[in-house]
Amino acid sequence: MGDEWGVTRLLPLREVGRAVRQNLRAAGEGGSGDISDRSKVEDMAQPSLTGALLILTLVLTLQPGHLVGSDFLPVASAPGDFIIGGLFPIHEDVNTQNRSLSPQPLRCIRFEERGLTWALAMVNAIEVVNRSPLLTEANVSLGYHILDSCSDVSTALRATEDFLQRGAPLKPVTAVVGASFSETSIAVARLLTLNMIPQISYASTAVILSDKSRFPAFMRTVPNDEHQIAAMVTLLTAYNWTWVGVVTTDGDYGRSALENFGTLASENGICVAFRIVLPESVTSHDIQSAIRDTAKTIYNNPKVQVIVSFAKPTHMVYLYQELRNEMLRVGQGPKSMRRLWVASDSWASSSSARGNLSLEEIGQVIGFTFKKGNLTSFESYLDRLGSGELSFDRNDPFIQELFTQLNGSGYTDSELASKAAGILKQNTQADTIFSIELAVSAIAEAVASICRSRECKGPGALPPWEVLQALWMQEFTLDNHSYRFNSRGDINLGYDVKLWSSDGGNDIILNLVLEYHVKNNSFTNVNNIFMQLPVLQDIISKCSNSCVPGEFKKTAEGQHTCCYECVSCTENYYSNDTDMDLCLSCDPRTQWSPAGSSTCITKALLFFSWNDGFAVVLLTFSALGIVLVLLVSALFLYHRDTPVVKAAGGPLSLIMLFSLILSYISAILFVGRPTHLQCNARQVLYSISFTLCVSCILVKTLKILLAFQFNLGPQGVLRRLYHPYIIITLCVALQAVICICWLVFASPFMQITIQPTTLLEDCHEGSYLAFGVMLGYIAVLAFVCFICAFKGRKLPHQYNEARFITFSMLLYLISWMLFIPIYVTTTGLYVPAVEMVVILLSNYGILCCHFFPKCYIILLKKEQNTSSAFRKNLYEYSNKTTNSVTESSNSQCHFKPPFIPEITPSSFQPAVTANNKAPLTSNPQHQAGRRSSI
């Protein structure tokens, strides 16, 4: 320091001890002095009072009962063109036990080593900036006026009043660096705002201080707590710690942090198991009961393995000790108190917070600290203090208190200086030192920017509000990096995440494991990627066990959302992640899932496949039917001139066989993946083909009745109307009209039926009315055939098709009568098989009843397949009928000779003559007379 600061003689550090002892004796005899005395000390250059500042060096705890001053505030100061005020917690608390009503300052107790270090960092930063070109070119210098807040709001307000009341000949305070705790900064800011004196805090992080409508003169070189809380919540979420406790101290900072953390944690699915607010002062009468209750709460919540703490370091010392005592009282080992402690910036870098306990006992500690800078300058400053290169003001109260503590341990003067420097290094917190340096650099830049353009050394030439304005507008530099306050007066550099570890002894190592970035709310490690720390991965802090995929969380009413039971997802719902609040729905059209599923299963597409066993059986019967029909057709064509083939209908039989082939083919169309064409073709092909077949049977039935059964009157009419091919054509045409109308207005189509676990692809008939009309029309034809055939069931044995027609039509009608209820009530894959079975039954019924007996005669009873055999059989039937009519002559019945278009009466006359002595007359008149009556 220069002579302009009033320093005429410098004392080496090793001489300070002797000077301190002399001054202590003088203080004991002569009292403490007042504010005017302090002013004289500051402005007068007495040879016996040399020095620049304090060492602010010691870090030993001040013994209760030691008091430095009672009616004035201890101060460390140095002159300059502009005075920078400093507020630092050089003591931990004030003594409130013997508090009186007189407005006197309370005695500060428990010396705070780190507060001294912070104050010393400000001194070093001012000395460095005074030597820098920034101020030398502007021809200005900075001085300081450092006061102790004693970690007490009332004491800090007294110090602030001292800043505001500095009048001539003292220079006014241009700006203030401090305070440390948010509740202190809030109170101080309200006073400084009255004169718009800039206030730059190096550690106050309460969110409320960013409200510029309430604190327009407040700034800070650290992020506000909303970023720290966001970082904490992000960390908890990354490790899935959803059941945590929160411990904080009373005051604006603690309660604001607790409220903001609770809100943000809840938004991110994190539940706070307990919230504990400890008294702000450790000298409070209820601090012991509060600490004890906190320890019991932590012990009674064993599932809470992660605790977030916004408390002060001193509170953590008491809490850790009480936790250990609680474990011993309940018979648990010290290790059972282990937890993961997420430390806020208030104590994350204070390794003394663990007290005399080891990390093995308290558990893991991961903390958020402010960004740190280059400490080379400050470390060099401490080295010079320890080596005696720097000297100090013997009358500085902080120096006196510091050396008094060290001198009580019996150190020599050189040992005293070395020990003091060593203690300072141990309590150096790089992040806070950097924040203080930022604050001093910002003020220096603002002052220099104004003084470079005008004269500002005169009284009142530079009012504080101009400095405040320059702080808002001016960018400043520190260690070749540029910084600027944002619109809220903050510098958001982010956070360093430190993990505590032990060096094997009593020292704690703060390992930088992650960096938090405010802009994108993310963590990175040294490789710029986020990676979970292995030491923390095994920590589980949850109220309930995680719900595995396939389950969802069900919370009981009135409970925390993090306390739940796991319930399996129901059918068609799934959960594919752990701890899902709700099960997700599968797409009901294409997906399904069983109960407790973690994924959806694609519904299988089903249809009556060619590979289906039942389909294979039915296709085999269809193919067999086609083969049999072809064989029968070949046999009938080869024997087309024989009486059996002619009696079976001749060409009509071949038409029937052709229709049966088409009917078998239509049955095959019911198998396979349906298409639009297939859905239309199968019903139409069956209806037309089977109508053709039944029409032929109807014609054959009518032919038989015309030949043997009808009375003369109706017989004549029907003979004139009996045109087989016209009848067949009309019957088939009518069915064709029905099918065309069906296809035009409501044609069948391919549909996909959504079932619980499958998709059924089949044909929809389009109009069930049209479907019923089509089947009903065939049924009417079949019923007519059945009636007519039933009437002719007593025809000659070799000529008797009526019985077979009756049986085949009865089989058809029964099959389709059974089909209707089965078809209506059946759903699923085998609905096409039902109709296919009925079609095959109908086809085989006709094939077996109409054609197999004829094939039997053709192949095995060849003697019956001759004209003579047919004439003989017909003659026997005629005689039998004649005798029957003669016996019933009194009943006026008519006899009807047979009318057989294929076999005329003259063709079988020789056979009758051969078997009867009196041959039948061939006289036409006689024949006509017989046909008329007997």
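Analysis parameters
Residues numbered from 1 in each chain as written. Predicted model: local features only at pLDDT ≥ 70, side-chain atom pairs only at ≥ 80, totals over all residues. Heavy atoms only, no water. Disulfide = S-S within 2.5 Å. Helix = DSSP H or I, 4+ residues; strand = E, 2+ residues; numbered from the N terminus. Buried < 20%, exposed > 50% of the residue type's maximum accessible area, 1.4 Å probe, protein only. Axes fitted to C-alpha atoms, helices over the stretch in contact; angles between N-to-C directions. Parallel < 35°, antiparallel > 145°, perpendicular 65-115°, else oblique. Left-handed = near helix turned anticlockwise from the far one by under 90°. Contact = heavy atoms within 4.5 Å. Nonpolar A, V, L, I, M, F, W, Y, C, P; charged D, E, K, R; others polar. pLDDT = per-residue confidence, 0-100. Pairing = 2+ DSSP bridges. Core = buried A, V, L, I, M, F, W, Y, C linked by side-chain atoms within 4.5 Å. Domains from an automatic or database assignment. Salt bridge = Lys/Arg side-chain N within 4 Å of Asp/Glu carboxyl O.

Inspection of the entire model under this criterion finds eight disulfides. At a sulfur-sulfur separation of 2.0 Å, the disulfide partner of cysteine 547 is cysteine 566. With the S-S bond torsion at -95°, the cross-link from cysteine 547 to cysteine 566 turns out left-handed. Of this pair, cysteine 547 sits in the loop between α17 (534–537) and β19 (551–554) while cysteine 566 sits in strand β20 (residues 565–568), and the two are 19 residues apart along the sequence. Cysteine 547 gets classed as buried once you look at its relative accessible area, which sits at 0%. Put simply, cysteine 569 and cysteine 583 are joined by a disulfide, and their sulfur atoms are 1.9 Å apart. A torsion of -80° about the S-S bond marks the disulfide between cysteine 569 and cysteine 583 as left-handed. Of this pair, cysteine 569 sits in the loop between β20 and β21 (573–574) while cysteine 583 sits in the loop between β21 and β22 (584–585), and the two are 14 residues apart along the sequence. Accessibility classification places cysteine 569 together with cysteine 583 in one group, the buried group. Cysteine cysteine 739 remains unbridged, with the sulfur of cysteine 741 as its closest cysteine sulfur at 9.3 Å. Not engaged in a disulfide, the cysteine cysteine 848 finds its nearest cysteine sulfur in cysteine 849; these two sulfurs lie 6.5 Å apart.

Quick look at the packing of helix α5 (residues 153–164) against helix α6 (residues 182–194) now. Their axes nearest at 9 Å, the elements α5 and α6 cross at an angle of 30°. The pairing of α5 with α6 is recorded here as roughly parallel in orientation. For the element pair α5 and α6, the recorded crossing hand is right-handed. Mapping the contact onto sequence places Val153, Ala156, Leu157, Thr160 and Leu164 in α5 and Glu183, Thr184, Ala187, Val188, Leu191 and Leu192 in α6. Here the residues of the contact of α5 with α6 sort into eight nonpolar, two polar and one charged.

Our focus in this paragraph is the confidence of the model for the chain. Per-residue pLDDT for the chain has a mean of 80; in total, 80% of the residues score no lower than 70. At the level of individual helices and strands, the chain shows its lowest average pLDDT in helix α2 (residues 35–43), which scores 34, and its highest in strand β7 (residues 199–201), which scores 97. Below a pLDDT of 50 lies the segment residues 1–71, which in the model reaches 168 contacts outside its immediate sequence neighbourhood of four places, other chains included. Below a pLDDT of 50 lies the segment residues 888–934, which in the model reaches 62 contacts outside its immediate sequence neighbourhood of four places, other chains included.

Further remarks concern the sheet that holds strand β6 (residues 173–177). Strand order in the open sheet made by the six strands is β1-β5-β2-β6-β7-β8, with mixed pairing throughout. Only two strands of the sheet have a single partner each, and these edge strands are β1 (75–78) and β8 (218–220). On average, each strand axis in the sheet is inclined to that of its neighbour by 20°, with strand direction left out of account. Where β6 and β7 come together, two bridges link them in parallel fashion. Pairing of valine 177 across the sheet is with isoleucine 200, part of β7. On top of the sheet, helix α3 (residues 113–131) reaches β2 (82–88), β5 (142–148) and β6; it is set at about 175° to β5, its chief contact.

What follows is about the sheet that holds strand β25 (residues 604–606). Consider a sheet: its strands pair through backbone hydrogen bonds, and that pairing is either parallel or antiparallel. Strand order in the open sheet formed by three strands is β25-β27-β26, and the pairing between neighbours is mixed. Only two strands of the sheet have a single neighbouring strand rather than two, namely β25 and β26 (749–754). On average, each strand axis in the sheet is tilted by 25° relative to the strand beside it, whichever way the strands run. As defined by bridge partners, β25 adjoins strand β27 (residues 758–764) across three bridges and the pair is classed as parallel. In the strand pairing of β27, leucine 606 is matched with leucine 760.

Position of alanine 733 relative to the elements: it lies in helix α23 (residues 724–746). Taking C-alpha positions, alanine 733 is 9.5 Å from threonine 691, a pair spaced 42 residues apart along the chain.

Judged by nonpolar contacts, the single largest core of 101 residues is most densely connected at Met122 and Phe261. With 15 residues, the top contributor of residues to this core is helix α15 (residues 430–451). When we break this core down by domain, the ones giving at least three residues each are domain 1 (75–94 + 105–223 + 429–483) and domain 2 (225–372 + 495–538). In this structure, phenylalanine 261 is in contact with Ile229, Met232, Val233, Leu236, Val244, Val246, Val272, Val308 and Phe310, ignoring residues within four places of it in sequence. In this structure, Ile727, Met774, Ile778 and Ala833 belong to the second largest nonpolar core, which totals 70 residues.

Turning next to the pattern of salt bridges. According to the stated counting rule, one finds 22 salt bridges in the structure shown. Two residues, aspartate 496 and lysine 371, come together in a salt bridge whose shortest N-O distance is 3.0 Å. Of this pair, aspartate 496 sits in strand β16 (residues 495–502) while lysine 371 sits in the loop between β13 (363–370) and α12 (376–387), and the two are 125 residues apart along the sequence. Relative accessible area serves as the criterion here: at 4%, aspartate 496 is assigned to the buried category. The partner of lysine 553 in a salt bridge is aspartate 581, and the shortest N-O contact between them spans 3.2 Å. Of this pair, lysine 553 sits in strand β19 while aspartate 581 sits in the loop between β21 and β22, and the two are 28 residues apart along the sequence. Judged by its relative accessible area of 53%, aspartate 581 falls in the exposed class. By sharing partners, the salt bridges in this structure join Glu92, Asp93 and Arg110 into a single network.

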